[in-house]
Structure formats: C-alpha cells, structure tokens
Amino acid sequence: MSTVAMAGKAGSAPPELEISVSGMTCASCVGRVERALASVQGVKAVAVNLATERARVTLSDARTDTAQLVDAIRKAGYEPSEDMIELKVAGMTCASCVGRVEKALKAVPGVLEASVNLATERASIRFIGGGDTPSRLAAAVAAAGYEAEKIVAGVDASEREQREKDEEQARLKRAVIIAGIATVPLLVFEMGTHMFEPLHHFLAGRVGEFNIKVLSFLLASFVQFGPGLRFLQKGWPALLRGAPDMNSLVMLGTSAAYLYSTVATFAPDILPEGTDYTYFEAGAVIVTLILMGRWFEARAKGRTSEAIKRLMSLQAKSARVVRDGVEVDVGIESVRLGDIVLVRPGERIPVDGEVVEGASYVDESMITGEPVPARKEPGAPVTGGTVNGTGAFRFTAQKVGADTLLAQIVRTVEAAQGAKLPIQAMVDKVTMWFVPAVMLMALVTFIIWLLVGPSPALSYALVNAVAVLIIACPCAMGLATPTSIMVGTGKGAELGILFRKGEALQSLRDAEVVALDKTGTLTKGRPELTDIIVSKGFSESEVLRLVASVETQSEHPVAEAIVAAARGQGLALAGVADFGSEPGFGVKASVDGRTVEVGADRLMRRLGLDIAAFSEEAMEMGDAGKTPLYAAIDGKLAAIIAVADPIKETTPEAIAALKALGLRVVMITGDNSRTAHAIAKRLGIGEVVAEVLPTDKADVVKSLQAKGAKVAFVGDGINDAPALAQADVGLAIGTGTDIAIESADVVLMSGDLNAVAKAIGLSQATIANIRQNLIWAFGYNVLLIPVAAGALYPSFGVLMSPMFAGLAMALSSVSVLTNALRLKRFGANDKAVVASQTRSRLVAAE
C-alpha cells in the first residue's frame, strides 16, 4: 500500500509528498529516482531513502501535476504505489456542485484522478497518498462547502447509507408539507384577492389591507427561514466562496422577492411611485415547489438504486453451522472459512462453498439469470444469496464476507454505477460555468428591464430577473448521465450482465464486430471422446490409459473428456512424472517409464512425426465438427483421438440475434481449421480464424481493429485473457476462469450466449437514454431561460411567472429521472427493441 504523507501547513511551508517506490536495490537506483523526480517542473527538492523505499518530494507549487511524478518514476524503471478510496459526499444538489468537489479533490497534492457522481453521491479518488490522505481529502471537500466521509464496504454500511437516504426523504417530505401549509394562505391573500374581487373586499373590510400584508410577511418569513433555510445555509457560503451553485440561485431569487416585498410593506416610500407591489407568495411558492421537486427527485433516485438494494437483500442474515459437534445459528458475519453450514429446504444459502453431504436443486436465477434450478450434490459449488429448493444439504464455507460472489457483484455494480462516461466530459465543462453565467444573465435581464421596460419598470425587472435565476436548473444536467448509468447497470445485474467498468456501457454500444472464442463460448466446453484410432503395434486401451494418465494433470476441457472416457472403461490410471504443458501445442509427461506426448498436429510436426497415415480420418473428423488430437508414445505416432464439444442449445439463436443487430460475427479459435469451419457453417458464421495460438488471439483482434472496426471479444478461458484485454470491449462468460473474468469489461454470469445480444442492446438503450436526458436538460435551459428573461414580451406580451419557473425547474429534474427509470423496462427479447436498434445501426451506417 502507498505511504504518502503531507508535511507542512498551507501557507507556512512548501507542500511535501512522501511516495513509496518499489524496485530500488542499490545507491544507483536512488540516484536515478532522484534525478527523474527533480526533472519534473514544480519540484523544489527530492530525497530518496533506499532503506524505507520512500521518496520525499518538496514542491514549489501545490498545483504541480502529481501524475508527472508518477510517470517520471515509472520511466526511470521503478513503480510508485497507488491507492483508491471512495468518499460519500453530502450536500451536492446540481452538476456545478460535482465540478467544484472534483476540482477541490484534484487540488490535493498526491491525487492522480478524482471522479464525483451526483446520483450516487460518491467520489472515487486514485492517489499516491496514504496515512493522512483521506482526512486531507475530506478537509478539501469541507472547504468547498460539502461534507465527506470514507465509505466502509459491507452490508451494514449499505444499510446505514440507505437509512440516511430514507431519513432525508422523510425530512424533505416534512419540509414540503410545512411549507405548503404556510403557502396556501399566502396564495389566498396575495393572488386570491386579485382574482376574486369580492374576496378582496371581504378581507380588506374584516382584516385590513395593511394587516393582510403583515400576515403575508409573517407567513413568507416562516417559509423563507423555516423550510427554505437550507437554501440560505448552502447558497450564501457558496456565493461568498465565489463558487455559486443551484442553492445560490434559489437563495438569490427568493431573497430578492422577499426583501423587495418587505420594503414595499414597511417602507413603501423608499420605492419609486407605483412600484410598491409585494411578491411574498412568489418566494414561498418557489421554495415549496423546489422542495417538492427535491423530494420527488430523492424518491426517484432511490428507485434508480433498487438493483443494489435487491442484491443486498439476497444476503442471508444468519447461518446454521456445526461448532464443536453442535448445530448453532450464528450471524452471517460470524461464519468462518471451513465451517460446515447446514441448509434446509427453502432457505437462502448464506455464503459460498462446496456441498459435502446431501442433495437438492438451487434457484440461482438472481446470480446467473438462468431460470432452471441447478442440481447440487457432493462436490458441487454453491453461491451465497441463492435459494435452496426442497432438499437439504451441508457444505463447507469457502468464501465469506467480502469475498463471496454476491459481495463481489455488489462492488462491481456499485463501481460501474459510479463511473463517469466519456460523454459526461462535455457536461462537466459546461456546468462549471453555468451558474455564474446564469447570475450574469439575471443581472443583464434586470438592467435591461429597468432601463427600457414598461412602468413599473422596477417590478418588471425584479420579477424577470428572479424568473431567470429560478428557471436555470443545472440539476437535470448533473443527473442526466449518472442516473441512466445507475438504472442501466442495475438492470444488467438483474439480467446476469455485470459491467465491471462503466465505460463499457458506451464502448459496447459502438461495437461493430463481435469476435467469439469457440470452446466454452459457442460450445458447452465439456467435450466428449468420440473416436480413438491407434497405429499398428499399439493397443487401444493401453494408449487411452497412458494418454488419460497424462491428461489428469491438465485442466483443459478436452483433457477432462479423455480422462472421463478412460475411467468410464474402468482403466486404472498411472502416476505421472515430468509433466509439462505448452499452450497451443499440447502436453508431455512420463508414465510408467514411457514418454507420452499429446497435442495438435503442429506438435507432431515439431516432433518430426508424419501424420499422413491419419489424414483421411482427420479430414472426416474435421468435417463432422470433431477436434482431432494426436498421441505419440516413446517418439512414435500412436493414435489419433477425436473429441466433440457440443454446441450450446442457445448458440444458434444468439448468433442470429447478433446478426439482427447488424454486427459482424467472427469466430477465433485455436482449433484446427476444418473443425472450426464445420461448426461455423452450422451456426451461420461467415468469418473464421482458426488454429490461432493463445498469444495470437490478441493479434487477430488488433488486425480487426486496424481496419477501423470497434471489436467486442467474447471468451471464457485463460487463453482468452489477452484478447479480452486487447478488445475495445471484453465480455467474459461468467462460467469461465477467474483470469478471463478479471481481464473483461463485462461479465456474463450465465453461459448463455444470448446475454451478449442483451448486453449490447442494453448498452445501446442506455446511451440513447443518456442522450435523451442531455437533450432535454440542455434544451430546457436553452429554450426557457430567454422566455424567463422576457424574450416573448415584445411580440406576444408573455412573461413567465417566477412560480411557474420554480415548477418547471422541479419538473426538469424529475423528468430526467423518470426517463432514466424507463430503462427498468428494458427487454432484449422485445422484437420492437431489436428492430429499433437495427434501424439505428443502418441509419448510422448510411
């Protein structure tokens, strides 16, 4: 872990960074690191300690780019340590808040990257600081006017965070009700008397006009400094810091209406004649409507994270374990590795493990998306959060706490939901200047109406300036992207599609070519031995016994098929010595003193063996979609062996769906060309690249990219990891290896290839949703700010009431959230969805 500390206080000493550097072995290493760091602009002094493996860097300017220090160390041939931290940030209300928090975090020495998400209210920071860095980050956020605390992972932390969100919703609801109760009489006093003359005469006669103004003042004061105090508490400090936000706009607008009305009530002589109008109801209605909008917004934001809540609800609260020979119920947090856990009918499995006794069927649909329950018997894996059927069994706990698959899924979804897509960059640039620009527009509006407006000019100037301040809502801009990401990634989790990186949502939409591995992706990955033909002088059973003995050391599916066939014939397998494996060629070992080599035709050719004797058999096997392998014993060609890997039942439908989306489908496999083409022909795949070594799969992807195509690669094996990493988007079959999954951008939890089409369709739907949100958010401001400023008044005599501006402002954010929630209805099997996506591709191609 990184151990970077700041020395000195702001304003009293130059900032210092202490960076952990690994890889230094001698004094010359120290010199190279010191020279590399000293060459970075803004570095005042450098001292590197070989014993502690730390570099102390004194900066002449706190704004020095930390990334340049990291690059300098790496270019010198050493590795600086990096850390990641997530903070919960409270108090953000709009996109401009996001920009200010990011700016504050990036200004902290040691920070390499900071990304803030308005919808999740989280900040992700990558830094080369340890120790006191979290406290410095929190202090920077506090200095910007917000509150931050480190996020602690786990079910309890998530539940606490959810409780806080529920409490905030309850507070907003109370504020809306209280403000509404006080605002209704104001509307009666201020607007009702203008609209209904008898009411005006009645109140004037019974209460008195001045007394009505005083009552209006009292009610408006209650709303302004009661439920509306939050806008003053947040907006005024932000304004003083020179970083106004949405709260500042509301505060300025409502305060202007309130103060003007107060002067008109108690000191009307100060104002020009004929301008002593009161607008108490305007400020109160604006506060009420905006609070109502925030309440609706908080409720809608809660719905966007329902996927996480549902995933968290899958976690069992307790488990029944065997301790000292006695069955006891313990809290889920008390389950230890190696515990024997009992699962009864209908119970939720608490942690991950392996069945040791009993049998049952388990519903794993919420993890894999597969609706059919999976058979569980001794030796079968079980996953925490899945639901047991009617049987009972015991299993050994192998993964607990944060290591369980469910916990990893939750972390993956949360990370994807907190991601910032490239499309957000434009929004960030605009919103940083948006609020100051709105304040300038409001000032210009006030001056123009004051100079050239009709009488009473001051009243017109005030009303229109307030309308501009209120109508310009940057909330919708800030929510446009993250809410769609939250709902889209959450829906993906429900469908068994995990976006490990939020950026994959955007890049997957742009994919033009889908490259597919064969074994385990198009096929079941569980081949069966179909043929064994031996050379003269060899016994079939003896060859199979020797070959199967070697293959017991391999985890390849073909090896498992050979071993299963030998055991099925009752052959006694022997011990193996000097085992060696070379990916793409085959395996070699010593069995009972005999040298056995098994592999592809390229291995035999390298051994100098002539395989022409089996050419006819190999051709027939290839035409039948079987994979031919060869065995050599003591340097002699002993046999040709054929295995067949059945195509998954859903594969033909999945290939058709990909083609319906207008995508090129390419098969890339290490299998021999004849077998690969036979399977491709059966599936309708026109492009095949066969006999590819594992290291070359990535090169094939590169060649496809070199032609200008965006490539999505789908695979499941260790040999697919380089191609998954090379592709624009890597999709790993979740039933595959951990290495493949770690190399991928998207994980398909089930082995169903239809999930690829679903993932692409969901990506297209999510990006389309984001674009709709951005068009609405920007279009709303572009159209309505001029209207609020009075642009329609000269031609049509139309002005926008500040109250209508407040309502429109509240509705804009709610509209964006509501549109994002439409993604919850996404269905990749909906013909209309597929058709519209196909049309979009065709239009784009034209």
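Residues numbered from 1 in each chain as written. Predicted model: local features only at pLDDT ≥ 70, side-chain atom pairs only at ≥ 80, totals over all residues. Heavy atoms only, no water.

1. Quick notes on the UniProt feature "transmembrane region" (unreviewed entry) in the chain
So, point 1. When the UniProt feature table is mapped onto this chain, "transmembrane region" (unreviewed entry) is found at residues 172-190, 210-229, 249-271, 277-296, 430-452, 458-481, 774-793 and 799-821.
So, point 2. Summarising residues 210-229: 85% helix, 0% strand, and an end-to-end C-alpha distance of 26 Å.
So, point 3. Within the segment residues 277-296, helix and strand shares are 85% and 0% respectively, and the terminal C-alpha atoms sit 33 Å apart. (UniProt positions renumbered as here; feature names shortened; annotations may be inferred. Helix = DSSP H or I, 4+ residues; strand = E, 2+ residues; numbered from the N terminus.)

2. Quick look at the sheet that holds strand β9 (residues 147-150)
So, point 1. Strand order in the open sheet formed by four strands is β7-β8-β6-β9, with antiparallel pairing between adjacent strands. The sheet is open, and its two edges are formed by β7 (111-117) and β9, each paired on a single side. Sheet twist, expressed as the mean angle between neighbouring strand axes with direction ignored, is 25°. (Pairing = 2+ DSSP bridges. Axes fitted to C-alpha atoms, helices over the stretch in contact; angles between N-to-C directions.)

3. Some points on the sheet that holds strand β29 (residues 729-733)
So, point 1. The seven strands are arranged β18-β30-β29-β28-β19-β26-β27 in an open sheet whose pairing can be described as mixed. In this open sheet, the two edge strands, each paired with only one partner strand, are β18 (497-499) and β27 (687-689). Along the sheet, successive strands turn relative to each other by an average axial angle of 20°, direction set aside.
So, point 2. With three bridges joining them, β18 and strand β30 (residues 746-748) adopt antiparallel strand pairing. In the sheet register, L498 faces β30, and the bridge partner there is V747.
So, point 3. Packed on one face of the sheet, helix α27 (residues 754-789) meets β18, β19 (513-516), β28 (711-715), β29 and β30 and runs near 50° to β18. (Contact = heavy atoms within 4.5 Å.)

4. Notes on the packing of aromatic side chains
So, point 1. Enumeration according to the criterion identifies 11 aromatic pairs in this entry.
So, point 2. A ring pair is formed by F210 and F266, whose centres lie 6.3 Å apart and whose planes are at 90°; its orientation type is edge-to-face. Taken together, the residues span a long stretch of sequence, with F210 in helix α7 (residues 209-225) and F266 in helix α9 (residues 246-266) at a distance of 56 residues.
So, point 3. Relative accessible area serves as the criterion here: at 42%, F266 is assigned to the partly exposed category.
So, point 4. Ring centres 5.5 Å apart and planes at 85° place the aromatic pair F225 and Y258 in the edge-to-face group. With a gap of 33 residues between them, F225 in helix α7 and Y258 in helix α9 connect regions that are remote in the sequence.
So, point 5. Site record: aromatic cluster; members linked through ring pairs are F210, F217, F225, Y258, F266 and F280.
So, point 6. When the ring centre of F585 is taken as origin, the NZ or CZ atom of R602, which lies over that ring, is 5.8 Å away. (Phe/Tyr/Trp six-rings, centres within 6.5 Å; stacked < 30°, edge-to-face > 60°. Buried < 20%, exposed > 50% of the residue type's maximum accessible area, 1.4 Å probe, protein only. Lys NZ or Arg CZ within 6 Å of the ring centre and 35° of its normal.)

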